[in-house]
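Chain by chain, the residues run as shown.
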Amino acid sequence: MRAKIVAGNWKMNNDKDESKELIKDLKKAIKKEGLKNTRVIVAPTFVNLSSSIKAARKSKIEVVAQNMHQSKNGAFTGEISADMLKSIGIKTVILGHSERRTYFNETDVSLAAKVDAIIANDLETIFCFGELLEDRKSENHFAVVESQIANALFHLEADAWKSIVLAYEPVWAIGTGETASAEQAQEMHAFIRSTIEKKYSKKVSDKISILYGGSVKPANAKEIFSKPDVDGGLIGGAALNVADFTGIIKAI
Ligand code: 13P
């Protein structure tokens with residue numbers, strides 16, 4: 001059975017106290033829920049990772065990073081390595097978010113190198129991708145998504161896929177309030193799974209958790225999560241509010 005995952009990408013929000021407070025509130029809120037097969041993840045900014053890990057102790061909340069550099073160390077001002085993240089207990093890193101691609105020039109090629117560093121360091125990645133509005137309007141969305149996955153991930157051995165969680169985030173739905181319909185999400189997720197099956201095997205594709213991201217809210221989460229190939233969500237805005245995030249977790 002695939003893991004169900006609800007992950008909150010906090011982006012550049014929440015200072016140290018706000019991060020601790022939100023985790024404390026989240027701990028209380030999810031304690032009552034069974035959530036046996038659900039992973040609950042939060043991704044605070046780098047400087048608050050250590051304090052957030054401490055705040056999340058004795059709970060099922062996993063604290064993950066929002067990015068990582070591919071090199072072991074060296075003259076890369078402002079960057080963070082796998083060793084640094086591992087040294088504070090981080091096990092999972094979000095890579096390839098559309099904001100990283102748009103504002104920081106990350107490409108399929110640079111992301112492939114980051115994914116290699118994830119595998120070499122026994123980390124896990126939540127790997128993000130998704131089409132632009134113009135791609136969907138011109139009906140190129142399947143081709144775009146296929147190339148994003150193929151270019152960054154299809155050099156991996158089948159065994160490496162146990163370290164990969166996919167997050168389909170159509171760029172037109174991120175922070176816009178406009179979400180993909182549950183049918184659109186299912187259609188794309190099924191396409192992604194079949195693309196992986198074709199390249200690798202059903203055994204590999206069946207095990208991959210594919211999250212949907214883009215304006216997920218408590219009001220639409222249940223319908224999106226009810227689809228068979230949607231294994232959870234990567235949540236932005238609604239993850240900053242404990243009631244909304246808990247509502248989304250409950251929806252799964
Ligand atoms: P929103 O939920 O704010 O649309 O953001 C989604 C996202 O980018 C998560 O990584």
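What counts as what
- Residues numbered from 1 in each chain as written.
- Predicted model: local features only at pLDDT ≥ 70, side-chain atom pairs only at ≥ 80, totals over all residues.
- Heavy atoms only, no water.
- Near = heavy atom within 4 Å.
- Polar contact = N/O pair within 3.5 Å; in protein donor to acceptor, adjacent residues only side chain to side chain.
- Areas by Shrake-Rupley, 256 points an atom, 1.4 Å probe, with all protein chains shown as cover.
- Core = buried A, V, L, I, M, F, W, Y, C linked by side-chain atoms within 4.5 Å.
- Buried < 20%, exposed > 50% of the residue type's maximum accessible area, 1.4 Å probe, protein only.
- Helix = DSSP H or I, 4+ residues; strand = E, 2+ residues; numbered from the N terminus.
- Contact = heavy atoms within 4.5 Å.
- Phe/Tyr/Trp six-rings, centres within 6.5 Å; stacked < 30°, edge-to-face > 60°.
- Lys NZ or Arg CZ within 6 Å of the ring centre and 35° of its normal.
- Pairing = 2+ DSSP bridges.
- Axes fitted to C-alpha atoms, helices over the stretch in contact; angles between N-to-C directions.
- Expected span 1.5 Å × (residues − 1).

K.L.:
Got a minute to help me understand the site of the ligand in this structure?
P.N.:
What surrounds the ligand is a group of 13 residues, the closest being Lys11, His97, Gly175, Ser215 and Gly237. The separation between an oxygen atom of the ligand and a polar side-chain atom of Lys11 is 2.8 Å. For the ligand, an oxygen atom lies 2.7 Å from a polar atom in the backbone of Ser215. Protein contact buries 97% of the 310 Å² of open area that the ligand shows by itself.

K.L.:
When you look at the nonpolar core in this model, what are you seeing that I'm missing?
P.N.:
Across soluble globular proteins, you tend to see nonpolar side chains buried next to one another. Within the largest apolar cluster, 66 residues are counted, with the highest numbers of intra-cluster contacts made by Leu153, Trp161, Leu166 and Ile192. Ranked by residues supplied to this core, first place goes to helix H8 (residues 182-199) with six residues. Those residues within four positions of Leu153 in sequence are excluded, and the remaining contacts are Val115, Phe127, Trp161, Ile164, Leu166 and Tyr200.

K.L.:
Just to check I follow, could you spell out the packing of aromatic side chains for this structure?
P.N.:
In this description, an aromatic ring pair is defined by two values, namely the gap between the centres and the angle between the planes. Within this structure, the stated rule accounts for seven aromatic pairs. Each ring, one from Phe154 and one from Trp161, has its centre 6.3 Å from the other, and the planes form 55°; the classification is tilted. Across the pair, Trp161 and Phe154 agree in class, each one buried. Across the ring face of Phe104, the terminal group of Arg100 is positioned such that the distance to the ring centre comes to 4.1 Å.

K.L.:
When you look at the sheet that holds strand E1 (residues 4-9) in this model, what are you seeing that I'm missing?
P.N.:
Pairing between the strands of a sheet is mediated by backbone hydrogen bonds and can be parallel or antiparallel. Read across the open sheet, the eight strands follow the order E3-E2-E1-E8-E7-E6-E5-E4; overall the sheet is parallel. This sheet does not close on itself; its edge strands, each paired only once, are strand E3 (61-63) and strand E4 (92-95). Strand after strand, the sheet turns through a mean of 25° between neighbouring axes, direction not considered. Packed on one face of the sheet, helix H7 (residues 141-153) meets strand E5 (124-129) and strand E6 (164-168) and runs near 145° to E5.

K.L.:
Whenever I open this one, H8 confuses me. Can you help?
P.N.:
An α-helix turns once every 3.6 residues. As a result, residues three or four positions apart point the same way. Given a rise of 1.5 Å per residue, 18 residues ought to cover 26 Å, and the 26 Å separating the end C-alpha atoms of H8 matches this to within 8%. Residues Ala182, Ala185, Gln186, Met188, His189, Phe191, Ile192, Arg193, Thr195 and Ile196 constitute the buried set of H8.

K.L.:
Help me understand the environment of Arg136 in this model?
P.N.:
Relative to the helices and strands, Arg136 is located in helix H6 (residues 133-137). Under the relative-accessibility criterion, Arg136 is labelled buried at 14%. When near neighbours in sequence (up to four residues on either side) are disregarded, Arg136 contacts Glu131, His141, Tyr168, Trp172, Gln184 and Met188. Here the side chain of Arg136 touches Glu131 through a polar contact of 2.7 Å, side chain to side chain.

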